[in-house]
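Observations on chain architecture
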Amino acid sequence: MDYFLPSSKQGSGNSSNQGDLKWWQLSLIGVGCTIGTGFFLGSAIGIKITGPSIVFSFLLAAFGTYVVYNLLAKMTAQDPQDGSFCYYAKKAYGQWAGFSCGWNYWSSNILIMGSQLTALSILSQFWFPNIPLWLFATGYAILSIGVVLTGNKGFDKVEDFLAIIKTAAIIMFILIAVAALFGWFDLETKQVIVPNSTQKLFPEGFKGFWSSLIYAFYAYGGIEVIGLMATRLKNKEDAPKAGVIMLVLLVIIYVLALGLAVIMAAHGAFHHKESPFVTALESYKLAFFPHVFNAAIIIAGFSTMTASLFGVTTLLVTLAADGDAPMVFAKKIKKLKELPLPSLGLAVVGLIASIITALLLPGKIYEYITTAAGILILFNWAFIILSALKLLELKPWGKIISFIGIALILAAVSGTIMEKSIRMGFFISIIVVLLIGMISFVLQKKVWNKASGAK
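Residues numbered from 1 in each chain as written. Predicted model: local features only at pLDDT ≥ 70, side-chain atom pairs only at ≥ 80, totals over all residues. Heavy atoms only, no water.

This part covers the pattern of salt bridges. In the structure shown here, the tally under the stated rule is two salt bridges. Put simply, Asp-79 and Lys-91 hold a salt bridge, and the shortest N to O gap is 2.8 Å. Taken together, the positions of Asp-79 in the loop between α4 (54-78) and α5 (85-93) and Lys-91 in helix α5 put the pair 12 residues apart, joining distant regions of the chain. Residue Asp-79 is classed as buried on the basis of its relative accessible area, which comes to 15%. (Salt bridge = Lys/Arg side-chain N within 4 Å of Asp/Glu carboxyl O. Helix = DSSP H or I, 4+ residues; strand = E, 2+ residues; numbered from the N terminus. Buried < 20%, exposed > 50% of the residue type's maximum accessible area, 1.4 Å probe, protein only.)

With that out of the way, let us pick up the environment of Gly-51. Looking at where Gly-51 falls in the secondary structure, it is placed in the loop between α3 (42-50) and α4. Considering only alpha carbons, one finds Gly-51 and Gly-208, 157 residues apart in sequence, at a separation of 8.3 Å.

Let's shift gears to the side chain of Thr-279. Tracing the backbone shows Thr-279 in helix α13 (residues 276-280). Beyond its immediate sequence surroundings of up to four residues, Thr-279 is in contact with Ala-265, Ala-269, Phe-270 and Glu-274. (Contact = heavy atoms within 4.5 Å.)

A few words now on a nonpolar patch on the surface. A contiguous nonpolar patch, built from Trp-24, Leu-28, Val-244, Ile-245, Val-248, Leu-249, Ile-252 and Leu-256 and spanning about 660 Å² of accessible area, is present on the exposed surface. Within the residue set of the nonpolar patch, elements represented by two or more residues are α1 (23-34) and α12 (239-264). Sort the elements by how many residues they give to the nonpolar patch and α12 lands first, with six residues. Here Leu-28 is to be found in helix α1. (Patch = residues over 30% accessible without salt bridge, like charges linked within 9 Å, V, L, I, M, F, W, Y side chains within 5 Å. Areas by Shrake-Rupley, 256 points an atom, 1.4 Å probe, with all protein chains shown as cover.)

In this section: the confidence of the model for the chain. With 85% of its residues at a pLDDT of 70 or more, the chain has an overall mean of 81. Element-level pLDDT for the chain is lowest in helix α11 (residues 223-228), with a mean of 66, against a maximum mean of 94 in helix α17 (residues 396-418). (pLDDT = per-residue confidence, 0-100.)

Contact geometry for α4 and helix α10 (residues 205-219): axes closest at 8 Å, N-to-C directions at 55 degrees. Classified by the angle their axes make, α4 and α10 are oblique. Once α4 is placed against α10, the crossing between them reads as right-handed. Two secondary-structure elements touch here, α4 through Ile-54, Phe-56, Ser-57, Phe-58, Leu-60, Ala-61, Gly-64 and Thr-65 and α10 through Phe-209, Ser-212, Leu-213, Tyr-215, Ala-216, Phe-217 and Ala-219. Of the residues that constitute the contact of α4 with α10, the class distribution is 11 nonpolar, four polar and no charged. (Axes fitted to C-alpha atoms, helices over the stretch in contact; angles between N-to-C directions. Parallel < 35°, antiparallel > 145°, perpendicular 65-115°, else oblique. Left-handed = near helix turned anticlockwise from the far one by under 90°. Nonpolar A, V, L, I, M, F, W, Y, C, P; charged D, E, K, R; others polar.)

Here is the structure:
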(Lines give C-alpha, C1' and ligand atoms only; values in the text may rest on other atoms or scores of the structure.)
Protein backbone atom coordinates (compact mmCIF):
# COMPACT_ATOMS: atom_id res chain seq x y z
CA MET A 1 0.00 0.00 0.00
CA ASP A 2 1.87 3.02 -1.27
CA TYR A 3 0.05 5.38 1.10
CA PHE A 4 1.72 3.66 4.02
CA LEU A 5 5.11 4.49 2.56
CA PRO A 6 6.16 8.01 3.55
CA SER A 7 9.29 9.48 2.09
CA SER A 8 11.72 12.16 3.18
CA LYS A 9 12.92 12.59 -0.40
CA GLN A 10 14.09 16.05 -1.31
CA GLY A 11 15.29 15.72 -4.87
CA SER A 12 13.60 18.15 -7.17
CA GLY A 13 10.36 18.18 -5.22
CA ASN A 14 8.36 16.23 -7.75
CA SER A 15 4.73 15.64 -6.99
CA SER A 16 1.77 13.71 -8.30
CA ASN A 17 -0.43 16.45 -9.70
CA GLN A 18 -2.74 14.03 -11.48
CA GLY A 19 -4.97 12.63 -8.75
CA ASP A 20 -7.88 10.24 -9.10
CA LEU A 21 -9.45 10.28 -5.63
CA LYS A 22 -12.61 12.14 -4.69
CA TRP A 23 -12.73 13.76 -1.26
CA TRP A 24 -15.31 11.30 0.13
CA GLN A 25 -13.17 8.36 -1.02
CA LEU A 26 -10.22 9.76 0.92
CA SER A 27 -12.48 10.15 3.98
CA LEU A 28 -13.58 6.51 3.85
CA ILE A 29 -10.04 5.23 3.22
CA GLY A 30 -8.89 7.29 6.19
CA VAL A 31 -11.48 5.74 8.50
CA GLY A 32 -10.54 2.21 7.45
CA CYS A 33 -6.78 2.77 7.70
CA THR A 34 -6.86 4.58 11.05
CA ILE A 35 -8.90 2.00 12.97
CA GLY A 36 -6.58 -0.64 14.42
CA THR A 37 -5.71 -2.52 17.59
CA GLY A 38 -4.86 0.83 19.20
CA PHE A 39 -8.61 1.29 19.44
CA PHE A 40 -9.73 -2.33 19.64
CA LEU A 41 -7.33 -3.26 22.47
CA GLY A 42 -5.28 -0.20 23.51
CA SER A 43 -8.42 1.68 24.55
CA ALA A 44 -8.88 -0.91 27.31
CA ILE A 45 -5.74 0.46 28.99
CA GLY A 46 -7.15 3.97 28.70
CA ILE A 47 -10.43 2.88 30.32
CA LYS A 48 -8.53 1.10 33.08
CA ILE A 49 -6.52 4.27 33.77
CA THR A 50 -9.35 6.83 33.70
CA GLY A 51 -12.75 5.08 33.61
CA PRO A 52 -15.79 6.43 31.67
CA SER A 53 -14.02 9.77 31.12
CA ILE A 54 -12.07 8.02 28.34
CA VAL A 55 -14.83 9.40 26.08
CA PHE A 56 -13.62 12.95 26.82
CA SER A 57 -10.02 11.87 26.16
CA PHE A 58 -11.06 10.72 22.69
CA LEU A 59 -12.86 14.02 22.02
CA LEU A 60 -9.78 16.05 23.00
CA ALA A 61 -7.53 13.80 20.96
CA ALA A 62 -9.87 14.25 17.98
CA PHE A 63 -9.40 18.01 18.15
CA GLY A 64 -5.60 17.63 18.36
CA THR A 65 -5.71 15.22 15.43
CA TYR A 66 -7.75 17.69 13.39
CA VAL A 67 -5.16 20.42 13.97
CA VAL A 68 -2.37 18.14 12.69
CA TYR A 69 -4.28 16.87 9.67
CA ASN A 70 -5.56 20.31 8.69
CA LEU A 71 -2.07 21.84 8.71
CA LEU A 72 -0.58 18.93 6.78
CA ALA A 73 -3.39 19.15 4.22
CA LYS A 74 -2.76 22.89 3.79
CA MET A 75 0.98 22.31 3.25
CA THR A 76 0.12 19.58 0.74
CA ALA A 77 -2.29 21.88 -1.12
CA GLN A 78 0.33 24.65 -1.22
CA ASP A 79 3.27 22.40 -2.16
CA PRO A 80 2.06 18.93 -3.26
CA GLN A 81 4.71 16.28 -2.71
CA ASP A 82 4.98 12.56 -3.27
CA GLY A 83 7.21 12.66 -0.23
CA SER A 84 5.97 13.14 3.31
CA PHE A 85 5.76 15.41 6.30
CA CYS A 86 9.51 14.75 6.56
CA TYR A 87 9.92 16.76 3.35
CA TYR A 88 8.20 19.73 4.99
CA ALA A 89 10.30 19.36 8.14
CA LYS A 90 13.50 19.43 6.05
CA LYS A 91 12.21 22.37 4.00
CA ALA A 92 11.40 24.33 7.15
CA TYR A 93 14.36 23.57 9.40
CA GLY A 94 17.08 21.85 7.40
CA GLN A 95 18.44 18.35 6.88
CA TRP A 96 18.65 17.51 10.58
CA ALA A 97 14.88 17.90 10.85
CA GLY A 98 14.16 15.66 7.84
CA PHE A 99 16.62 13.06 9.13
CA SER A 100 15.17 13.12 12.65
CA CYS A 101 11.60 13.02 11.34
CA GLY A 102 12.34 10.06 9.06
CA TRP A 103 14.12 7.96 11.67
CA ASN A 104 11.62 8.87 14.37
CA TYR A 105 8.85 7.68 12.04
CA TRP A 106 10.77 4.49 11.26
CA SER A 107 11.28 3.83 14.98
CA SER A 108 7.63 4.52 15.81
CA ASN A 109 6.52 2.05 13.15
CA ILE A 110 8.91 -0.60 14.46
CA LEU A 111 7.30 -0.14 17.88
CA ILE A 112 3.83 -0.14 16.30
CA MET A 113 4.68 -3.50 14.71
CA GLY A 114 5.78 -4.73 18.12
CA SER A 115 2.58 -3.37 19.65
CA GLN A 116 0.40 -5.01 17.00
CA LEU A 117 2.38 -8.24 17.28
CA THR A 118 1.91 -8.33 21.04
CA ALA A 119 -1.78 -7.44 20.69
CA LEU A 120 -2.31 -10.30 18.22
CA SER A 121 -0.59 -12.68 20.62
CA ILE A 122 -2.68 -11.50 23.60
CA LEU A 123 -5.88 -11.87 21.58
CA SER A 124 -4.87 -15.37 20.43
CA GLN A 125 -4.47 -16.41 24.07
CA PHE A 126 -8.25 -15.92 24.33
CA TRP A 127 -8.53 -19.33 22.65
CA PHE A 128 -5.22 -20.84 23.73
CA PRO A 129 -4.38 -19.38 27.17
CA ASN A 130 -1.55 -21.81 27.90
CA ILE A 131 0.52 -20.97 24.83
CA PRO A 132 3.12 -18.26 25.65
CA LEU A 133 3.01 -14.85 23.96
CA TRP A 134 6.38 -15.20 22.26
CA LEU A 135 5.27 -18.32 20.38
CA PHE A 136 2.25 -16.55 18.91
CA ALA A 137 4.44 -13.52 18.15
CA THR A 138 6.91 -15.69 16.24
CA GLY A 139 4.15 -17.25 14.16
CA TYR A 140 2.53 -13.93 13.22
CA ALA A 141 5.94 -12.39 12.45
CA ILE A 142 6.85 -15.24 10.07
CA LEU A 143 3.45 -14.96 8.38
CA SER A 144 3.84 -11.19 7.96
CA ILE A 145 7.35 -11.53 6.55
CA GLY A 146 6.00 -14.13 4.13
CA VAL A 147 3.43 -11.62 2.85
CA VAL A 148 6.18 -9.04 2.26
CA LEU A 149 8.32 -11.57 0.41
CA THR A 150 5.50 -12.25 -2.07
CA GLY A 151 5.44 -8.59 -3.11
CA ASN A 152 2.62 -6.06 -2.84
CA LYS A 153 0.58 -6.93 -5.95
CA GLY A 154 -3.09 -6.74 -5.08
CA PHE A 155 -2.28 -5.53 -1.56
CA ASP A 156 -4.52 -2.46 -1.93
CA LYS A 157 -7.57 -4.63 -2.58
CA VAL A 158 -6.76 -6.89 0.38
CA GLU A 159 -6.35 -3.88 2.66
CA ASP A 160 -9.65 -2.40 1.51
CA PHE A 161 -11.36 -5.69 2.38
CA LEU A 162 -9.69 -5.84 5.80
CA ALA A 163 -10.62 -2.21 6.46
CA ILE A 164 -14.28 -3.19 5.91
CA ILE A 165 -13.87 -6.01 8.48
CA LYS A 166 -12.44 -3.58 11.05
CA THR A 167 -15.23 -1.06 10.61
CA ALA A 168 -17.91 -3.76 10.47
CA ALA A 169 -16.66 -5.24 13.77
CA ILE A 170 -17.21 -1.94 15.59
CA ILE A 171 -20.61 -1.38 14.00
CA MET A 172 -21.56 -4.95 14.98
CA PHE A 173 -20.67 -4.18 18.60
CA ILE A 174 -22.68 -0.94 18.56
CA LEU A 175 -25.78 -2.68 17.17
CA ILE A 176 -25.53 -5.62 19.59
CA ALA A 177 -24.89 -3.30 22.56
CA VAL A 178 -27.92 -1.14 21.71
CA ALA A 179 -30.07 -4.26 21.29
CA ALA A 180 -28.85 -5.58 24.66
CA LEU A 181 -29.55 -2.29 26.44
CA PHE A 182 -33.07 -2.18 25.02
CA GLY A 183 -33.68 -5.69 26.30
CA TRP A 184 -34.06 -7.34 22.92
CA PHE A 185 -32.18 -10.37 24.20
CA ASP A 186 -34.01 -12.89 26.38
CA LEU A 187 -32.12 -12.18 29.60
CA GLU A 188 -33.31 -11.83 33.18
CA THR A 189 -31.04 -8.92 33.97
CA LYS A 190 -29.21 -6.25 32.08
CA GLN A 191 -26.33 -4.23 33.47
CA VAL A 192 -26.27 -0.48 32.90
CA ILE A 193 -23.80 1.58 34.92
CA VAL A 194 -24.48 5.29 34.36
CA PRO A 195 -21.67 7.52 35.75
CA ASN A 196 -23.95 10.08 37.47
CA SER A 197 -21.26 11.77 39.55
CA THR A 198 -17.78 13.21 39.09
CA GLN A 199 -16.34 10.36 41.15
CA LYS A 200 -17.91 7.75 38.88
CA LEU A 201 -16.96 9.64 35.72
CA PHE A 202 -13.35 10.16 36.85
CA PRO A 203 -12.75 7.24 39.25
CA GLU A 204 -8.97 7.67 39.00
CA GLY A 205 -9.08 11.46 39.29
CA PHE A 206 -7.51 14.07 37.01
CA LYS A 207 -4.17 12.24 37.00
CA GLY A 208 -5.80 9.17 35.49
CA PHE A 209 -7.59 11.27 32.87
CA TRP A 210 -4.34 13.03 31.98
CA SER A 211 -2.52 9.71 31.60
CA SER A 212 -5.24 8.28 29.35
CA LEU A 213 -4.76 10.91 26.64
CA ILE A 214 -1.90 9.00 25.02
CA TYR A 215 -4.17 6.03 24.27
CA ALA A 216 -6.82 8.26 22.75
CA PHE A 217 -4.23 9.89 20.49
CA TYR A 218 -2.78 6.48 19.63
CA ALA A 219 -6.16 5.34 18.31
CA TYR A 220 -6.03 8.19 15.76
CA GLY A 221 -2.46 7.28 14.73
CA GLY A 222 -2.03 7.04 10.97
CA ILE A 223 -3.84 10.28 10.25
CA GLU A 224 -0.54 11.82 9.15
CA VAL A 225 -0.17 9.18 6.43
CA ILE A 226 -3.70 9.86 5.17
CA GLY A 227 -2.67 13.51 4.91
CA LEU A 228 -0.06 12.43 2.40
CA MET A 229 -2.76 10.85 0.25
CA ALA A 230 -4.10 14.34 -0.39
CA THR A 231 -1.68 14.39 -3.35
CA ARG A 232 -3.93 11.75 -4.97
CA LEU A 233 -7.04 13.94 -4.78
CA LYS A 234 -8.52 15.26 -8.00
CA ASN A 235 -8.96 18.58 -6.20
CA LYS A 236 -6.10 19.22 -3.74
CA GLU A 237 -8.20 21.98 -2.15
CA ASP A 238 -10.64 19.31 -0.93
CA ALA A 239 -8.03 17.85 1.44
CA PRO A 240 -9.16 19.79 4.57
CA LYS A 241 -12.83 18.89 3.88
CA ALA A 242 -11.94 15.21 3.47
CA GLY A 243 -10.07 15.31 6.79
CA VAL A 244 -12.96 16.93 8.65
CA ILE A 245 -15.49 14.35 7.38
CA MET A 246 -13.05 11.52 8.18
CA LEU A 247 -12.57 12.74 11.73
CA VAL A 248 -16.30 13.28 12.26
CA LEU A 249 -16.93 9.67 11.21
CA LEU A 250 -14.12 8.40 13.45
CA VAL A 251 -15.32 10.41 16.43
CA ILE A 252 -18.89 9.13 16.02
CA ILE A 253 -17.70 5.51 15.77
CA TYR A 254 -15.14 5.79 18.59
CA VAL A 255 -17.23 7.78 21.07
CA LEU A 256 -20.42 5.78 20.50
CA ALA A 257 -18.62 2.43 20.88
CA LEU A 258 -16.64 3.49 23.96
CA GLY A 259 -19.63 5.22 25.52
CA LEU A 260 -21.64 2.01 25.27
CA ALA A 261 -18.74 -0.09 26.57
CA VAL A 262 -18.16 1.94 29.75
CA ILE A 263 -21.84 1.87 30.81
CA MET A 264 -22.15 -1.89 30.26
CA ALA A 265 -19.29 -3.06 32.51
CA ALA A 266 -17.76 -1.94 35.80
CA HIS A 267 -14.62 0.19 35.66
CA GLY A 268 -12.49 -2.53 37.28
CA ALA A 269 -13.52 -5.16 34.72
CA PHE A 270 -11.44 -3.71 31.87
CA HIS A 271 -7.86 -4.89 31.33
CA HIS A 272 -5.25 -4.88 28.54
CA LYS A 273 -5.58 -8.58 27.73
CA GLU A 274 -9.13 -8.28 26.39
CA SER A 275 -10.91 -5.86 24.08
CA PRO A 276 -13.16 -3.49 26.08
CA PHE A 277 -16.01 -4.39 23.73
CA VAL A 278 -15.77 -8.07 24.60
CA THR A 279 -15.61 -7.15 28.29
CA ALA A 280 -18.72 -4.95 27.95
CA LEU A 281 -20.87 -7.82 26.66
CA GLU A 282 -19.57 -10.57 28.97
CA SER A 283 -22.55 -10.38 31.32
CA TYR A 284 -24.94 -10.92 28.42
CA LYS A 285 -23.56 -14.41 27.77
CA LEU A 286 -23.49 -14.06 23.98
CA ALA A 287 -21.47 -17.15 23.17
CA PHE A 288 -20.74 -16.21 19.55
CA PHE A 289 -19.69 -12.57 20.02
CA PRO A 290 -16.28 -12.90 21.75
CA HIS A 291 -15.09 -15.40 19.14
CA VAL A 292 -16.31 -13.47 16.10
CA PHE A 293 -15.07 -10.12 17.45
CA ASN A 294 -11.73 -11.55 18.51
CA ALA A 295 -11.18 -13.02 15.04
CA ALA A 296 -12.08 -9.69 13.39
CA ILE A 297 -9.59 -7.81 15.58
CA ILE A 298 -6.82 -10.32 14.84
CA ILE A 299 -7.42 -9.97 11.09
CA ALA A 300 -7.43 -6.18 11.40
CA GLY A 301 -4.31 -6.11 13.57
CA PHE A 302 -2.42 -8.39 11.23
CA SER A 303 -3.25 -6.15 8.28
CA THR A 304 -1.95 -3.07 10.16
CA MET A 305 1.24 -4.85 11.22
CA THR A 306 1.97 -6.10 7.70
CA ALA A 307 1.31 -2.65 6.24
CA SER A 308 3.75 -1.19 8.77
CA LEU A 309 6.35 -3.78 7.76
CA PHE A 310 5.93 -2.74 4.11
CA GLY A 311 6.16 0.88 5.22
CA VAL A 312 9.35 0.75 7.27
CA THR A 313 11.02 -1.38 4.60
CA THR A 314 10.36 1.14 1.84
CA LEU A 315 10.98 4.17 4.06
CA LEU A 316 14.48 2.95 4.90
CA VAL A 317 15.26 2.58 1.18
CA THR A 318 14.20 6.22 0.67
CA LEU A 319 16.22 7.41 3.66
CA ALA A 320 19.27 5.64 2.25
CA ALA A 321 18.72 7.16 -1.20
CA ASP A 322 18.58 10.60 0.44
CA GLY A 323 21.81 10.00 2.33
CA ASP A 324 20.00 9.79 5.68
CA ALA A 325 20.84 6.08 6.11
CA PRO A 326 23.73 3.81 4.99
CA MET A 327 23.56 3.15 1.23
CA VAL A 328 23.44 -0.60 1.81
CA PHE A 329 19.77 -0.19 2.77
CA ALA A 330 18.94 1.18 -0.70
CA LYS A 331 20.06 -2.07 -2.33
CA LYS A 332 17.36 -4.17 -4.01
CA ILE A 333 17.62 -7.80 -5.09
CA LYS A 334 16.53 -8.14 -8.73
CA LYS A 335 16.07 -11.90 -8.50
CA LEU A 336 13.61 -11.37 -5.66
CA LYS A 337 11.17 -8.98 -7.38
CA GLU A 338 13.30 -5.92 -6.55
CA LEU A 339 12.97 -6.75 -2.85
CA PRO A 340 14.95 -4.35 -0.60
CA LEU A 341 16.41 -7.22 1.40
CA PRO A 342 18.80 -5.21 3.67
CA SER A 343 15.97 -2.81 4.62
CA LEU A 344 13.60 -5.70 5.28
CA GLY A 345 16.32 -7.41 7.30
CA LEU A 346 16.61 -4.45 9.68
CA ALA A 347 12.82 -4.37 10.11
CA VAL A 348 12.90 -8.10 10.89
CA VAL A 349 15.54 -7.43 13.56
CA GLY A 350 13.01 -5.04 15.13
CA LEU A 351 10.35 -7.75 15.03
CA ILE A 352 12.72 -10.26 16.63
CA ALA A 353 13.50 -7.74 19.39
CA SER A 354 9.75 -7.47 20.04
CA ILE A 355 9.43 -11.25 20.27
CA ILE A 356 12.34 -11.48 22.73
CA THR A 357 10.88 -8.66 24.83
CA ALA A 358 7.49 -10.37 24.84
CA LEU A 359 9.23 -13.46 26.19
CA LEU A 360 11.05 -11.54 28.95
CA LEU A 361 8.20 -9.19 29.95
CA PRO A 362 4.92 -10.91 29.04
CA GLY A 363 2.86 -9.01 31.60
CA LYS A 364 3.73 -5.40 30.75
CA ILE A 365 5.17 -5.37 27.25
CA TYR A 366 1.98 -4.30 25.44
CA GLU A 367 1.48 -1.28 27.68
CA TYR A 368 5.15 -0.25 27.37
CA ILE A 369 5.40 -0.63 23.58
CA THR A 370 2.02 0.95 22.89
CA THR A 371 2.89 3.95 25.07
CA ALA A 372 6.30 4.43 23.43
CA ALA A 373 4.87 4.07 19.92
CA GLY A 374 2.13 6.59 20.72
CA ILE A 375 4.65 9.13 22.03
CA LEU A 376 6.89 8.81 18.95
CA ILE A 377 3.88 9.35 16.68
CA LEU A 378 3.06 12.52 18.61
CA PHE A 379 6.64 13.78 18.22
CA ASN A 380 6.15 13.51 14.46
CA TRP A 381 2.83 15.33 14.78
CA ALA A 382 4.68 18.11 16.61
CA PHE A 383 7.10 18.25 13.63
CA ILE A 384 4.10 18.76 11.33
CA ILE A 385 2.68 21.65 13.39
CA LEU A 386 6.07 23.35 13.80
CA SER A 387 6.80 22.99 10.08
CA ALA A 388 3.42 24.52 9.23
CA LEU A 389 4.02 27.48 11.54
CA LYS A 390 7.13 28.30 9.50
CA LEU A 391 5.97 27.39 5.98
CA LEU A 392 2.35 28.62 6.00
CA GLU A 393 1.07 32.16 6.34
CA LEU A 394 -1.39 31.47 9.13
CA LYS A 395 -3.83 34.04 10.45
CA PRO A 396 -3.69 34.82 14.21
CA TRP A 397 -6.56 32.42 14.92
CA GLY A 398 -4.79 29.71 12.92
CA LYS A 399 -1.65 30.19 15.00
CA ILE A 400 -3.65 29.99 18.24
CA ILE A 401 -5.25 26.71 17.08
CA SER A 402 -1.79 25.39 16.19
CA PHE A 403 -0.42 26.18 19.66
CA ILE A 404 -3.46 24.51 21.24
CA GLY A 405 -2.60 21.42 19.17
CA ILE A 406 0.98 21.49 20.50
CA ALA A 407 -0.34 21.92 24.05
CA LEU A 408 -2.56 18.83 23.67
CA ILE A 409 0.36 16.81 22.32
CA LEU A 410 2.54 17.88 25.26
CA ALA A 411 -0.28 17.01 27.67
CA ALA A 412 -0.60 13.52 26.17
CA VAL A 413 3.16 12.89 26.30
CA SER A 414 3.64 14.27 29.83
CA GLY A 415 0.63 12.33 31.09
CA THR A 416 2.51 9.07 30.61
CA ILE A 417 4.90 10.10 33.38
CA MET A 418 2.00 10.33 35.83
CA GLU A 419 0.95 6.69 35.54
CA LYS A 420 3.39 4.13 36.94
CA SER A 421 2.08 1.25 34.81
CA ILE A 422 2.96 3.01 31.52
CA ARG A 423 5.85 5.26 32.61
CA MET A 424 8.46 2.90 31.17
CA GLY A 425 7.03 3.57 27.70
CA PHE A 426 7.88 7.26 28.12
CA PHE A 427 11.50 6.47 28.93
CA ILE A 428 11.75 4.08 25.97
CA SER A 429 10.58 6.84 23.62
CA ILE A 430 12.98 9.39 25.14
CA ILE A 431 15.91 7.00 24.66
CA VAL A 432 14.96 6.58 20.99
CA VAL A 433 14.64 10.36 20.47
CA LEU A 434 17.95 11.09 22.21
CA LEU A 435 19.72 8.45 20.13
CA ILE A 436 18.35 9.92 16.89
CA GLY A 437 19.22 13.42 18.12
CA MET A 438 22.84 12.50 18.91
CA ILE A 439 23.34 10.85 15.51
CA SER A 440 21.80 13.89 13.82
CA PHE A 441 24.13 16.22 15.75
CA VAL A 442 27.22 14.25 14.72
CA LEU A 443 26.14 14.14 11.06
CA GLN A 444 25.43 17.88 11.10
CA LYS A 445 28.93 18.61 12.37
CA LYS A 446 30.89 16.11 10.29
CA VAL A 447 28.90 15.57 7.09
CA TRP A 448 26.13 18.05 6.29
CA ASN A 449 28.08 21.21 7.19
CA LYS A 450 31.01 20.09 5.02
CA ALA A 451 28.66 19.26 2.17
CA SER A 452 27.10 22.72 2.40
CA GLY A 453 30.56 24.32 2.44
CA ALA A 454 31.61 22.38 -0.63
CA LYS A 455 28.63 23.77 -2.52
